[in-house]
Structure formats: C-alpha cells, structure tokens
Amino acid sequence: MINVLLLQGPNLNLLGRREPHIYGTDTQQSIHDRLCRLAEDLGARLTTFQSNHEGELIDRIQSAPTEFQGILINAGALTHTSLALADALTSVALPFVEIHISNVYARESFRHHSHLSAGAAGIVVGFGTTGYDLALQGLLGRIRGQGA
C-alpha cells in the first residue's frame, strides 16, 4: 500500500468560507474526505495535515520518509515566501506535487513565483479543488513508475 501525505498550509483551514469566488465552497474536511476515498479506490492511503505554522509543516515533512512514499502540498502563501519549506521538501527526497486551487498566474504578480516548483514532481494549478484529485492521481502514477 502506498502512503501519501497531504499537507495544507496557512489559511487553508478556512476553505469554504474564505473568498469562495476564488477558492470555491468545498471545505478542507470535504476535500480530505473525498481525497481519502479516492486514495482508497486507487490502492493507497492518505494522511492529511494542516497548519498555519511554517515550522510545524517543516517538522511534518522531515518525519515523512519513515511513513510515506510521496507528498501532496498546498502550501498557501508559503509557496511564494518560504525557502525553508522548499529546502525541507527537497531534503527528504520524496516525490511531491504542488497544488494551487486558483490560477496563481492570473492573480497578483507576487503569486507568480514558487520556491517549491523546482523540486516538484508536478504542479497542478487552477482547477479548483479538483486539482487535489489530479495531483493524487499524478503522484501515484509517478510512484508506480507510470509517469515521466
């Protein structure tokens, strides 16, 4: 069984209430529930973790190799600011997929740069919360050797 860790960064606990015209009406819990079911259907197990604190996310990443074969991450605004998060992700040598609910390239210019992207196995941008499903499918394909 492939074990995947989903990390959610700052303010993603507010999904469903936070700017629904940008992020939609799915809640963090509804996304997690749907994604856990999809993982099970795909022969995997998903564990979720959300924090508004950069250090907690880094600690979780650093402990990941003992439990997980891959990481899904929506780091929120930390995507654009955190070298430490990028370093943590690359240092554990697990494949990871970067997720953005909105099309960050159609938004403010500061959102156009990601410190995480260079190390990512893939990036899913702008498909709303369906992007989580796409990211999981892509990551599992990569882990199973079915992707580039």
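Our structure's up above, just so we're on the same page.
Residues numbered from 1 in each chain as written. Predicted model: local features only at pLDDT ≥ 70, side-chain atom pairs only at ≥ 80, totals over all residues. Heavy atoms only, no water.

Caption draft 1: Molecular detail of the packing of helix α3 (residues 54-63) against helix α4 (residues 83-91). At their nearest, the axes of α3 and α4 sit 9 Å apart, and the two run at 10 degrees to each other. Compared by their axis directions, α3 and α4 come out roughly parallel. Residue-level contacts link Glu54, Leu57, Ile58 and Ile61 of α3 to Ala84, Leu85, Ala88 and Leu89 of α4. Here the residues of the contact of α3 with α4 are counted per class, giving 7 nonpolar, no polar and 1 charged. (Axes fitted to C-alpha atoms, helices over the stretch in contact; angles between N-to-C directions. Helix = DSSP H or I, 4+ residues; strand = E, 2+ residues; numbered from the N terminus. Parallel < 35°, antiparallel > 145°, perpendicular 65-115°, else oblique. Contact = heavy atoms within 4.5 Å. Nonpolar A, V, L, I, M, F, W, Y, C, P; charged D, E, K, R; others polar.)

Caption draft 2: Local environment of the nonpolar core. In terms of nonpolar packing, the biggest core is built from 22 residues, with Val4, Leu15, Leu35, Leu46, Leu72, Tyr132 and Leu136 touching the most fellow members. For this core, the secondary structure elements donating two or more residues are β1 (2-8), α2 (28-41), β2 (44-50), β4 (96-100) and α5 (130-143). Leave out the neighbours within four places in its chain, and leucine 46 touches Val4, Leu6, Leu35, Cys36, Ala39 and Leu72. Core analysis: the second largest hydrophobic core is formed by 20 residues, Leu57, Ile61, Ala86 and Leu94 among them. (Core = buried A, V, L, I, M, F, W, Y, C linked by side-chain atoms within 4.5 Å. Buried < 20%, exposed > 50% of the residue type's maximum accessible area, 1.4 Å probe, protein only.)

Caption draft 3: Quick look at the environment of glutamate 56. Summarising the element assignment, glutamate 56 is placed in helix α3. Sequence-wise, glutamate 56 and glycine 9 are 47 residues apart; in three dimensions their C-alpha atoms are separated by 9.7 Å. If we skip the residues at most four places from it in the chain, glutamate 56 touches Phe49 and Ser51.

Caption draft 4: Looking closely at the sheet that holds β1. Pairing is parallel across the open sheet formed by 5 strands, whose spatial order is β2-β1-β3-β4-β5. Pairing within the sheet leaves two strands with one partner each, and these edge strands are β2 and β5 (122-125). Averaged over all neighbouring strand pairs, the angle between strand axes comes to 20 degrees, with direction disregarded. Where β1 meets strand β3 (residues 70-74), 5 bridges bridge the pair, whose relative direction is parallel. Bridged to leucine 7 within β3 is isoleucine 73. With respect to the sheet, α3 is in contact with β1, β2 and β3, its orientation differing from that of β1 by roughly 170 degrees. (Pairing = 2+ DSSP bridges.)

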